[in-house]
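Descriptive structure summary
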Amino acid sequence: MTWQFTLTGLLLGATVGLTGMGGGSLMTPILVIVFGFQPTYAVGTDIFHGAIFKSFGAIRHRRLGTVHARLTLWLFAGSGPMSLAGVGVASLIKHHYGDSAQTIESHVVGAALVAGGIGFLVKSFVKAGIQADDAPFLLRRRDKLLALAIGAVFGFVVGLTSVGSGTFFGLVMVLVYPLTMAKIVGTDIFHAAALLWVAGLGHLATGNVDLHATGWLLTGSIPGILVSSRYTVKLPDIVLRVALGTVLVLSGLKLLAVPGATWILVAGLAALLTWLVVYGVRIWLAPRATPESL
């Protein structure tokens with residue numbers, strides 16, 4: 001397979017560029033469900049691809065001044081080492097459980113996808129949290145320790161499953177730090193890129209990365225995000241987040257092999273597609289403002 005990987009990378013890159021959503025979270029379930037990858041190799045390939053892919057977004061946000069550098073460093077101080085611990089646990093599962101290792105890893109990834117999808121949905125609807133402020137945010141001792149703990153917990157999850165680099169960190173930052181949404185997004189992406197490089201190199205060293213697939217995915221994803229980032233989708237942010245969160249939960253249920261998972265996936269995707277079509281038709285048929293009505 002070559003062009004299939006390129007097309008997949010192009011579609012995901014375009015999704016991220018058009019919407020700003022974490023479409024890269026879909027890479028692991030796509031590699032497992034569509035391309036038949038073993039979960040261990042899907043996770044490693046996803047993380048290594050994401051390290052290269054997200055670096056482009058990280059550089060862009062750094063140039064725009066939307067990265068809180070000190071917060072990024074404290075998050076990374078916890079997430080970097082613990083992501084390697086996650087890689088190590090994945091390798092231990094692979095070597096000590098033999099043929100059943102992939103089933104275990106599949107269930108772990110599935111649970112992480114469900115949690116990530118729910119987290120994404122919560123992030124879409126949550127209105128609580130610290131009031132955002134444009135003033136410079138100076139880290140206190142409590143803020144640094146909190147960032148260290150957040151990085152350690154979710155860094156381990158990312159290293160083990162590849163899920164969470166663009167979901168959990170952003171959600172927690174919304175709740176506990178007084179940053180504008182632009183600063184949260186920029187800091188999240190810049191930190192994710194650094195974290196994925198550590199975890200990705202760890203997976204590469206343990207032989208969990210399919211370099212052939214990674215190369216062809218990048219031939220689609222990099223042009224996809226560079227071209228599509230010039231445009232924006234007119235769908236509201238909440239619609240995009242609900243759609244992505246729903247797909248993540250459905251993919252997780254499939255990997256968890258819950259009874260009737262295939263039918264749940266098909267029915268859920270059909271319902272989601274129907275909702276999006278109905279929403280699009282309603283928007284299209286809605287009366288538009290005219291000069292006379294203004």
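Read on for an overview of the structure. (Residues numbered from 1 in each chain as written. Predicted model: local features only at pLDDT ≥ 70, side-chain atom pairs only at ≥ 80, totals over all residues. Heavy atoms only, no water.)

**Some details on the packing of aromatic side chains**
- Overall, the coordinates contain 3 aromatic pairs when judged by the stated rule.
- Between the aromatic rings of Phe-5 and Phe-37, the centroid separation amounts to 6.1 Å while the plane-to-plane angle is 85°, which identifies the pairing as edge-to-face. Placement of the pair is Phe-5 in helix α1 (residues 3-19) and Phe-37 in the loop between α2 (27-33) and α3 (39-64), with a sequence separation of 32 residues.
- Exposure remark for Phe-37: the relative accessible area of 13% places this residue in the buried category.
- Through pairs of rings, three or more aromatic residues link up here, namely Phe-5, Phe-35 and Phe-37. (Phe/Tyr/Trp six-rings, centres within 6.5 Å; stacked < 30°, edge-to-face > 60°. Helix = DSSP H or I, 4+ residues; strand = E, 2+ residues; numbered from the N terminus. Buried < 20%, exposed > 50% of the residue type's maximum accessible area, 1.4 Å probe, protein only.)

**Topic: helix α7 (residues 168-176)**
- In terms of burial, α7 is a largely internal element, 7 of the 9 residues being buried.
- Within the span of α7, buried status applies to Phe-168, Phe-169, Gly-170, Leu-171, Val-172, Met-173 and Val-174.

**Focus on a nonpolar patch on the surface**
- Residues Leu-273, Val-277, Val-281, Trp-284 and Leu-285 make up a contiguous nonpolar surface patch of about 550 Å² in total accessible area.
- Mapped onto the secondary structure, Trp-284 falls in helix α11 (residues 261-285). (Patch = residues over 30% accessible without salt bridge, like charges linked within 9 Å, V, L, I, M, F, W, Y side chains within 5 Å. Areas by Shrake-Rupley, 256 points an atom, 1.4 Å probe, with all protein chains shown as cover. Salt bridge = Lys/Arg side-chain N within 4 Å of Asp/Glu carboxyl O.)

**Thoughts on the packing of helix α6 (residues 141-161) against α7**
- Across the interface, α6 lies against α7 with an axial gap of 10 Å and an inter-helix angle of 160°. When the axes of α6 and α7 are compared, the pair comes out roughly antiparallel. When the axes of α6 and α7 are compared, the crossing they make is right-handed. Facing α6, whose interface residues are Leu-146, Ile-150, Gly-151, Phe-154, Gly-155, Val-157 and Val-158, α7 presents Phe-168, Phe-169, Val-172 and Val-176.
- Grouping the amino acids of the contact of α6 with α7 by side-chain chemistry returns 9 nonpolar, 2 polar and no charged. (Axes fitted to C-alpha atoms, helices over the stretch in contact; angles between N-to-C directions. Parallel < 35°, antiparallel > 145°, perpendicular 65-115°, else oblique. Left-handed = near helix turned anticlockwise from the far one by under 90°. Contact = heavy atoms within 4.5 Å. Nonpolar A, V, L, I, M, F, W, Y, C, P; charged D, E, K, R; others polar.)

**Examining the side chain of Thr-66**
- Within the secondary structure layout, Thr-66 lies in the loop between α3 and α4 (69-96).
- Classification of Thr-66 as buried rests on a relative accessible area of 14%.
- When sequence neighbours within four positions are dropped, the list of residues in contact with Thr-66 reads His-61, Ala-182, Lys-183, Gly-186 and Thr-187.

**Considerations on the side chain of Asp-143**
- Within the secondary structure, Asp-143 sits in helix α6.
- Once residues within four sequence positions are removed from consideration, Asp-143 is found in contact with Phe-137, Leu-138 and Tyr-177.

**A word on the packing of α4 against α6**
- Their axes nearest at 6 Å, the elements α4 and α6 cross at an angle of 30°. Relative to α6, the element α4 lies roughly parallel. Regarding α4 and α6, the two cross each other, and that crossing is right-handed.
- Per-class residue counts for the contact of α4 with α6 are 15 nonpolar, 7 polar and 1 charged.

**Focus on the nonpolar core**
- In this structure, Leu-71 and Tyr-177 are the most contacted members of the largest nonpolar core, which totals 40 residues.
- In terms of residue count, α7 provides more of this core than any other element does, 5 residues in total.
- Not counting chain neighbours up to four residues away, the residues in contact with Leu-71 comprise Leu-139, Ala-147, Met-173, Tyr-177, Leu-179 and Thr-187.
- Within the second largest apolar cluster, 5 residues are counted, among which are Phe-48, Val-209, Leu-218 and Ile-222. (Core = buried A, V, L, I, M, F, W, Y, C linked by side-chain atoms within 4.5 Å.)

**Some words on the pattern of salt bridges**
- Across all of its chains, the model carries 2 salt bridges by this definition.
- Note that Asp-143 and Arg-142 form a salt bridge whose closest N and O atoms lie 3.5 Å from each other.
- Owing to a relative accessible area of 52%, Arg-142 belongs among the exposed residues under this scheme.
- The network of salt bridges with shared partners includes Arg-140, Arg-142 and Asp-143.

**Looking at the environment of Ile-225**
- Along the chain, the position of Ile-225 falls in helix α9 (residues 211-228).
- For Ile-225, a relative accessible area of 13% gives the class buried.

**A word on α6**
- Along its 21 residues, α6 runs 30 Å from first to last C-alpha, staying within 8% of the 30 Å computed at 1.5 Å per residue.
- Looking only at α6, the buried set comprises Asp-143, Ala-147, Ile-150, Gly-151, Phe-154, Gly-155, Val-158, Gly-159, Leu-160 and Thr-161.
- At the exit of α6 stands Ser-162, carrying a positive phi of roughly 75°. (Expected span 1.5 Å × (residues − 1).)

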